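As a plain string of letters, each chain reads:
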Amino acid sequence: MKVVAGNWKMNMNYKEASALFNSLNNRLINDVEVILCPPSIYLSEFSNKLKNVKLAAQNVSSFISGAYTGEVSAQMLKNIGVDYCLIGHSERRALFNETNEVINTKIHLLLENEISPIFCCGESLTDRESGVQNEIIHNQLELGMNGLDLTQLQNCIIAYEPVWAIGTGLTATSDQAQEMHFFIRNYLKKRFQIENEILSQIPILYGGSCNAENASEIFSKNDVNGGLIGGAALKEDTFSSIIQSF
Ligand code: PGA
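In this report, the structure presented in the accompanying data block is examined. Just so it is clear, the structure is predicted and the values come from calculations on it, not from any experiment.

### Observations concerning the overall build of the chain
From N to C terminus, the chain includes 12 helices and eight strands. In terms of C-alpha radius of gyration, the chain reaches 17 Å, essentially the compact-globule figure of 18 Å for 246 residues. A principal-axis box enclosing the C-alpha atoms of the chain has dimensions of 45 × 45 × 35 Å. Going through the 246 residues of the chain one by one, you find that 51% of them count as buried. Excluding contacts between residues fewer than 6 apart, the proportion of contacts in the chain whose partners are at least 24 apart in sequence is 72%. For the chain, the distance from the average position of its 18 positive side-chain charges to the average position of its 27 negative side-chain charges is 5 Å.

### Overview of helix 12 (residues 236–243)
Every buried residue of helix 12 is listed here: Phe239, Ser240, Ile242 and Ile243. All buried residues of helix 12 fall inside an arc of 160° around its axis, so they share one side. Considering only its buried residues, helix 12 is in contact with strand 1 (2–7), helix 1 (14–25), strand 2 (32–37), helix 11 (215–219) and strand 8 (226–229).

### A word on the layout of surface pockets
Roughly 520 Å³ of volume is contained in the largest pocket. Lining the largest pocket are 18 residues, and of these Met10, Gln58, Asn59, Arg92 and Phe96 lie nearest its centre. The element best represented in the lining of the largest pocket is helix 4 (residues 90–95), accounting for three residues. Residues that form the lining of the largest pocket fall into these classes: seven nonpolar, seven polar and four charged.

### Concerning the site of the ligand
In the vicinity of the ligand lie 13 residues, with Lys9, His89, Glu161, Gly167 and Ser209 positioned nearest. One of the side-chain N or O atoms of Lys9 is found 2.7 Å from an oxygen atom in the ligand. Gly167 has a polar backbone atom sitting 2.7 Å from an oxygen atom of the ligand. Surface burial for the ligand is 94%, taken as the share of its 280 Å² of free accessible area covered by protein chains. Structurally, the ligand is housed in the second largest pocket. Per-class residue counts for the shell around the ligand are four nonpolar, seven polar and two charged.

### Description of the pattern of salt bridges
Counted by the stated rule, this structure contains 10 salt bridges. We note a salt bridge from Asp31 to Lys2, for which the minimum N-O separation is 3.0 Å. Of this pair, Asp31 sits in the loop between helix 1 and strand 2 while Lys2 is found in strand 1, placing the two residues 29 residues apart along the sequence. Residue classification places Asp31 among the exposed positions, given a relative accessible area of 58%. For Lys2, a relative accessible area of 33% gives the class partly exposed.

### Here's the deal with the state of the cysteines
Summed over the entire model, instances satisfying the criterion amount to zero disulfides. Free of any disulfide, Cys37 has its nearest neighbouring cysteine sulfur in Cys120, separated by 8.6 Å. Exposure remark for Cys37: the relative accessible area of 0% places this residue in the buried category. The cysteine Cys210 is free of any disulfide, with Cys120 supplying the nearest cysteine sulfur at 14 Å.

### A few points about the side chain of Ser174
Within the secondary structure, Ser174 sits in helix 9 (residues 174–192). Since its relative accessible area comes to 9%, Ser174 is described here as buried. Each residue touching Ser174, except ones within four places of it in the same chain, is listed here: Glu217, Ile218 and Lys221.

### What to know about the sheet that holds strand 7 (residues 204–207)
Spatially, the eight strands close up into a barrel ordered 1-2-3-4-5-6-7-8, and their pairing is parallel. On average, each strand axis in the sheet is inclined to that of its neighbour by 25°, with strand direction left out of account. Seen against the sheet, helix 9 touches strand 5 (116–121), strand 6 (157–160) and strand 7 and runs at an angle of roughly 145° to strand 7.

The rules behind these values
Residues numbered from 1 in each chain as written. Predicted model: local features only at pLDDT ≥ 70, side-chain atom pairs only at ≥ 80, totals over all residues. Heavy atoms only, no water. Helix = DSSP H or I, 4+ residues; strand = E, 2+ residues; numbered from the N terminus. Rg over C-alpha atoms; globule rule 2.2 N^0.38 Å. Buried < 20%, exposed > 50% of the residue type's maximum accessible area, 1.4 Å probe, protein only. Contact = heavy atoms within 4.5 Å. Lys, Arg positive; Asp, Glu negative; His and termini not counted. Charge placed at Lys NZ, Arg CZ, Asp CG, Glu CD. Arc of directions from axis to C-beta. 1 Å grid on protein atoms, 1.4 Å probe; cavity = no way out; pocket = protein on both sides within 12 Å on 5 of 7 lines; lining within 4 Å. Points joined across faces, edges and corners; volume = space filled by probe spheres on them. Nonpolar A, V, L, I, M, F, W, Y, C, P; charged D, E, K, R; others polar. Near = heavy atom within 4 Å. Polar contact = N/O pair within 3.5 Å; in protein donor to acceptor, adjacent residues only side chain to side chain. Areas by Shrake-Rupley, 256 points an atom, 1.4 Å probe, with all protein chains shown as cover. Sits in = over half its atoms within 2 Å of the grid points. Salt bridge = Lys/Arg side-chain N within 4 Å of Asp/Glu carboxyl O. Disulfide = S-S within 2.5 Å. Pairing = 2+ DSSP bridges. Axes fitted to C-alpha atoms, helices over the stretch in contact; angles between N-to-C directions.

Structural data, given as structure tokens:
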């Protein structure tokens, strides 16, 4: 499966968000799953209009329900027709103190509510400079996806997002991306004892300063099944050309 997801983060006012959503949603897009991750306040309205794109929430509560002011539950997201949710994004890990354990709780809640997690993992610049990136990713996958079985894994998307490449304009080279994607796929193969055919169907996306210029080179790699796009997802023309980069 080829996937391009646009993570809008906390950007765009209502008018801008509606215009971008409508134009992407009305385009026929062959052969690529396009997932938009708008701020949660827009999800309900957009979900009533879905045609050619899918919706992802950017976050979900780690609690089921109750007195948790400001939180939105997995069940609520499901009720309004949200199919995916970002989990473990580096901004949530760094700015909102999300631990691997919290991320794991959220993944289980999402899957129980039939929402597919888009599980983000990635190492910092210091980690990469010290050469420990594989250990870091291994740890994030091991703890974040703790307790999942193969069927549940098959409902997940993985996004490799090196923290040093997010919003910085520094992109991993296509070889660096391929190397890590191969490492992740190999990890999943061993951990879940998966046959190659099923393994190849688990989407692993690259994220981090992916744009209209570098997407086709990155997407051409064997183990890269698409991208999780931040800044370049905020403009229709750049995001559209990324979608056409396979
Ligand atoms: P970026 O963000 O494309 O702006 O680097 C990617 C992301 O944070 O998902």
